[in-house]
Protein chains: 2
Amino acid sequence: MVSQLPPLQAIRVFEAAARHASFTKAAGELGMTQAAVSYQIKLLEERVGAPLFLRKPRQVTLTEAGQRLAPSITEAFGIISEAYAAARTGAEGVLCVTTILTFASNWLARHLGAFQIEHPNLAVRLDTSTRLIDFAREDVDVAIRAGPGNWPGLTKHFLFKADFTPMLSPKLAESIGGLKEPADLLRLPVLDPGDYWWKEWFTAAGLPTDSLESRPRNSLGAQAYEANAAMAGNGVAILTRALFSAELADGRLIQPFDLVAWDGNAYWLVYPEARRNVPKIRAFRDWLLTAVEATLGKPEP
Amino acid sequence: MVSQLPPLQAIRVFEAAARHASFTKAAGELGMTQAAVSYQIKLLEERVGAPLFLRKPRQVTLTEAGQRLAPSITEAFGIISEAYAAARTGAEGVLCVTTILTFASNWLARHLGAFQIEHPNLAVRLDTSTRLIDFAREDVDVAIRAGPGNWPGLTKHFLFKADFTPMLSPKLAESIGGLKEPADLLRLPVLDPGDYWWKEWFTAAGLPTDSLESRPRNSLGAQAYEANAAMAGNGVAILTRALFSAELADGRLIQPFDLVAWDGNAYWLVYPEARRNVPKIRAFRDWLLTAVEATLGKPEP
DNA sequence: CATCATACATAAGGTGGCTTTATCCATCAT
DNA sequence: ATGATGGATAAAGCCACCTTATGTATGATG
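None of the values given here were measured: they were computed from a predicted structure. (Residues numbered from 1 in each chain as written. Chains lettered and ligands numbered in written order. Predicted model: local features only at pLDDT ≥ 70, side-chain atom pairs only at ≥ 80, totals over all residues. Heavy atoms only, no water.)

Draft legend 1. Expanded view of the sheet that holds strand β9 (residues 266-272) of chain B. All names here are of chain B. In spatial order, the strands read β4-β3-β5-β9-β6; together these five strands make up an open sheet with mixed pairing. Only two strands of the sheet have a single neighbouring strand rather than two, namely β4 (123-127) and β6 (154-161). Taking the axes of each pair of neighbouring strands and ignoring which way they run, one obtains an average angle of 25° across the sheet. Across five bridges, strand β5 (residues 142-147) lies against β9 in antiparallel orientation. (Pairing = 2+ DSSP bridges. Helix = DSSP H or I, 4+ residues; strand = E, 2+ residues; numbered from the N terminus. Axes fitted to C-alpha atoms, helices over the stretch in contact; angles between N-to-C directions.)

Shown next, in the form of C-alpha cells:
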C-alpha cells in the first residue's frame, strides 16, 4: 500500500525548512544544529534526485520540485500531529476500570462521583467482569482485584483486607431474640453454606463445622447477592466489613460478633508497572487510595 | 505550526503493523526483524501513553486508541508517499537546460526533436539566458556553456571548439568577384569589427589589424545575429564553424578561407558532479554527446 | 571601503537509537 | 505431546545522525 517512503527524518526537516524558508530557523524549531539540517536536506535531495532548495545569498528558496513537495508534506504532518495529539489526549480522556462487582456496587458506586467532580474531563468506563483480566489482551487501564497480591509485572496498592464475619438483618436477629453467641447462628438459615469462609469463621469461633459443606470457591466478588438476601431477612451471610460499612452504619445489616476471620486475601488496585506515570492512572490511584483511607481508615498491608 | 510530532520511525512501523495486524508481517514489509517492530511499537505506546495493540494469543489487534490513530497515519503516509513519488518522477519528467542563444538556435533547434522522440516522457525546458548560471541558485539541470572549461565541482563534457573564421553570403562574395586572399575581406563591410576574434584571425592570416578597434568582448553566444546579417549580404561575419555547418552546407554562407583561428575556448555540456547519475541528466548527456559527434565528428578536447 | 554579522556548506568525530541475534514464552494445530 | 507460529525481552553491535569546528559568500554598517 504505502509504496516507497522517503527517509522520514529528512522529510520532517525539509518540512520545517520549507516553512521557515531558512535552515537555521528550522534547526531552531527542531532543536538541532544548522549543520544537521543542511545534512538532511542534502540527503533528501539526493533521494529525490533533484535540488529542493535554491541557495541564494542570505536565504534559501524552494525549487519547483520543492514547491510541489512542501505543501503535501505539511498537510501530512498536520494530520499525523493531530491524530497523535488526539490519541494522547484521547487516551487521557477515558479511564477504563475493571472491578469486581461487589466493589463496584458497594464502594465505587457511592464514591466515584467525587472523583468525577475532581476530574471533570476524565470519563470513567466501568467494567464489572468477574474474570481475571490480562492487561496485555484487554483494553483496560486499571483493575481492582481481590487476591493474595502476587502479580508479577503489575503495580499493586493494598486497599483493604478481604476479611469476613457474619451479618444479618436486625429483624432476623430479633426473630430469635437476639444473638448472644456464635452458636446461635445455627438456629438461622445460612446463606451459601458451602462457602469455605463459613468453615473458617466457625473454626475461629471454636464451633464444629459438620453442618457445612465445604466448597472450594468463595464469595469474593459476588457478595452483593448474598448481602441483599441477608438484608431482606432471608438468612445470615458472611461478608467483608469494608464493603458493607454503609449498611452496617445505617442498620440495614448488623454484625452480631466482633470476631472477624481472614484468609489472607485482600482487595488491591492494580495496573501495569510501565504505566504508573500515565496521568489518568496516577490521578485515579491518588484519589482512590485517599478515598479508601478516608472511609475505611489507614490500610494495613 | 506542526506542534508535537511523535517519533516518525515508530509511526511508520505502527502504520505497517496496524495494516497487517501482525508484527511479523510488518517486519517483513519494512525489511527488519520482528524484534525491531516490537521495540518500536512499545516505544510509541510509551509516548502515546496508552497501549495501541492488544496482544491476543496468535495475533495482535488495535486497541481503541490504536484504532483512532491508525487511519490518520495511513492517510498521512499516503499523502507523503504520493508527493514524494511525484517529486521523484516530476523531477524526472522535466529537464531544464540553459544554453547560449547561438547553440540553441543553431544546433539544438535542429536536433532536439530527435531527443524528444527518444524520450517521449521527458519534457525539455530551454532557457537561453546569456549570463553564467550557478546551479546552486538557479533551478536548472544542465547547462551548455562556452569558455575555457575550468569550473570546479562541475562535470563537463567537451562538445566542440569555439573556433572562428570569416563567413559571408555567396552573393556578397560575387559582388567583388570572389575572394582570393584574406586581404580581399578588407574591401567588404566587416560585421562587428570590434570583436577581438577579427584581430586574432587577421593576425593569424598575416594581415595588419590597424583598421579594427579591439574591444574586450567577443561574440560567444550572440553569433546568431551577425550570422543573419551576413546571410542577408550585409557584410562578413566571423563565426564558429560547428554552429553554422548547416548554413555552410546548403550555401547560405560560405567560408572563403581554410584558415580557422582558435583562442582556447570551447563549448561544454556542464552539470553538477553530484547529479551525474540522475537518469534524465544521464539521458541528455548520452544523447547530446552522440548527436554532436554524429554531426560534427569526433570531438578533440 | 574595511569590518562585522548572517546564513549555508563541509569535514571530522562521537554517540545513542535502532537493529539484529538469541532466547523464552504462550498458544494453537497435529 | 510435539512442533509451529507469533510476540516479548535482553544483550550487543553498528551506523545514521548529530555536534563541533571551520570555511565561504554576501549583505550590512560605520
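Draft legend 2. Representation of the protein's contact with DNA strand C within the structure. Around DNA strand C sit 22 residues in total, of which Thr24, Ser38 and Arg55 of chain A together with Thr33 and Gln40 of chain B are the nearest. Contacts to DNA strand C include phenylalanine 23 of chain A, whose backbone N or O atom sits 3.0 Å from a phosphate oxygen. Taking threonine 24 of chain A, its side chain carries an N or O atom lying 2.4 Å from a phosphate oxygen of DNA strand C. Within the residue set of the surface near DNA strand C, elements represented by two or more residues are α2 (23-30) and α3 (34-48) of chain A together with α3 (34-48) of chain B. With five residues, the top contributor of residues to the surface near DNA strand C is α3 of chain B. Class assignment of the residues belonging to the surface near DNA strand C gives a composition of nine nonpolar, eight polar and five charged. (Near = heavy atom within 4 Å. Polar contact = N/O pair within 3.5 Å; in protein donor to acceptor, adjacent residues only side chain to side chain. Nonpolar A, V, L, I, M, F, W, Y, C, P; charged D, E, K, R; others polar.)

Draft legend 3. Representation of the UniProt feature "domain: HTH lysR-type" (unreviewed entry) in chain A in the model. Mapped onto the present numbering, the UniProt feature "domain: HTH lysR-type" (unreviewed entry) falls on residues 6-63 of chain A. Helix makes up 62% of residues 6-63 of chain A and strand 14%, with an end-to-end C-alpha separation of 18 Å. (UniProt positions renumbered as here; feature names shortened; annotations may be inferred.)

Draft legend 4. The interface of chain B and chain A, seen in detail. The interface is formed by 47 residues belonging to chain B together with 47 residues belonging to chain A. Counting the surface chain B buries against chain A, the share from its top three residues, Leu8, Ile80 and Tyr84 of chain B, is 15%. Between chain B and chain A we count two salt bridges in total. Here arginine 125 of chain B and glutamate 64 of chain A are joined by a salt bridge, their closest N and O atoms 2.8 Å apart. Among the secondary structure elements, those contributing two or more residues to the side of chain B that touches chain A are α1 (8-20), α3, β1 (53-56) and α4 (64-93) of chain B. Residue contributions to the side of chain B that touches chain A peak at 17 residues, all from α4 of chain B. Considered class by class, the residues forming the side of chain B that touches chain A number 24 nonpolar, seven polar and 16 charged. (Contact = heavy atoms within 4.5 Å. Buried area = accessible area lost by both parts, 1.4 Å probe. Salt bridge = Lys/Arg side-chain N within 4 Å of Asp/Glu carboxyl O.)

Draft legend 5. Local environment of the protein's contact with DNA strand D. Among the 21 residues in the neighbourhood of DNA strand D, the closest are listed as Thr33 and Gln40 of chain A together with Thr24, Ser38 and Arg55 of chain B. When the atoms of DNA strand D within 4 Å of the protein are sorted by group, sugar and phosphate make up 69%. Glutamine 34 of chain B has a polar side-chain atom sitting 3.2 Å from a base nitrogen of DNA strand D. Here serine 38 of chain B contributes a side-chain N or O atom positioned 2.7 Å from a phosphate oxygen of DNA strand D. At the level of elements, α3 of chain A together with α2 (23-30) and α3 of chain B are the ones that each hand at least two residues to the surface near DNA strand D. Taken together, the residues of the surface near DNA strand D break down into eight nonpolar, eight polar and five charged.

Draft legend 6. Structural detail: the environment of glutamine 34 of chain A. Residue and element names in this part refer to chain A. Along the polypeptide, glutamine 34 turns up in helix α3. With 191 residues separating them in the primary sequence, glutamine 34 and tyrosine 225 have C-alpha atoms 69 Å apart. Ignoring any residue separated from it by four or fewer positions in sequence, one finds glutamine 34 in contact with Thr24 and Ala27.

Draft legend 7. Seen up close, empty space enclosed by the protein. Per the stated rule, a full pass over the model turns up one cavity of 30 Å³ or more. Counted as a void, the largest cavity has a volume near 170 Å³. Along its surface, the largest cavity is lined by 16 residues, and Glu64 of chain A together with Val94, Asp139, Asp141 and Lys280 of chain B are the ones closest to its centre. For the lining of the largest cavity, the secondary-structure elements that each account for two or more residues are α4 (64-93) of chain A together with α4 and β3 (94-99) of chain B. Top element by residues in the lining of the largest cavity is α4 of chain A. It accounts for three residues. Residues that form the lining of the largest cavity fall into these classes: seven nonpolar, two polar and seven charged. (1 Å grid on protein atoms, 1.4 Å probe; cavity = no way out; pocket = protein on both sides within 12 Å on 5 of 7 lines; lining within 4 Å. Points joined across faces, edges and corners; volume = space filled by probe spheres on them.)

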